[in-house]
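Topology and contacts: notes
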Amino acid sequence: MGTYTLKSIGNANDYMTIVREVEDGYVVRIVRDQDGYNEVKTDYISKSLFESCVRTGYLTKVEDFVEAISA
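One structure accompanies this document, and this report is about it.

Secondary structure summary: the protein contains two helices and five strands in total. Counted from the first residue to the last, the protein has its helices and strands arranged as β-β-β-β-α-β-α. Relative to its 71 residues, the protein shows a buried fraction of 28%. Counting only carbon and sulfur atoms, one obtains 49% of the accessible surface of the protein, whose full area is about 5000 Å².

As structure tokens, then:
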């Protein structure tokens with residue numbers, strides 16, 4: 001469904017992938033770079049919060065995910 005980079009401070013390479021859509025939101029997998037190791041968690045985000053994050057630039061859609069994580 002899509003992968004998005006998360007706006008973060010510094011050179012962190014944090015991203016979020018939509019795993020599946022549910023009635024009022026999305027189940028997402030969030031991967032955060034924490035001092036050289038990845039913290040992975042699965043969470044829920046409402047559609048309204050997701051749309052707000054995209055609109056404000058906190059989330060940016062990644063067109064080619066493989067290219068983004070190797071950068």
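Turning next to the sheet that holds strand β5 (residues 59-62). What the five strands build is an open sheet, ordered β4-β3-β2-β1-β5; its pairing is antiparallel. Whereas interior strands pair on both sides, the edge strands pair on one side only; in this sheet they are β4 (37-46) and β5. On average, adjacent strands in this sheet sit at an angle of 30° to one another, irrespective of strand direction. Pairing analysis gives three bridges linking strand β1 (residues 3-6) to strand β2 (residues 15-22), with the strands arranged antiparallel. Bridge pairing in β2 links Y4 to M16. Helix α1 (residues 47-56) contacts β1, β2, β3 (25-34), β4 and β5 of the sheet and is inclined by roughly 120° relative to β4.

About the criteria used
Residues numbered from 1 in each chain as written. Predicted model: local features only at pLDDT ≥ 70, side-chain atom pairs only at ≥ 80, totals over all residues. Heavy atoms only, no water. Helix = DSSP H or I, 4+ residues; strand = E, 2+ residues; numbered from the N terminus. Buried < 20%, exposed > 50% of the residue type's maximum accessible area, 1.4 Å probe, protein only. Areas by Shrake-Rupley, 256 points an atom, 1.4 Å probe, with all protein chains shown as cover. Pairing = 2+ DSSP bridges. Axes fitted to C-alpha atoms, helices over the stretch in contact; angles between N-to-C directions. Contact = heavy atoms within 4.5 Å.

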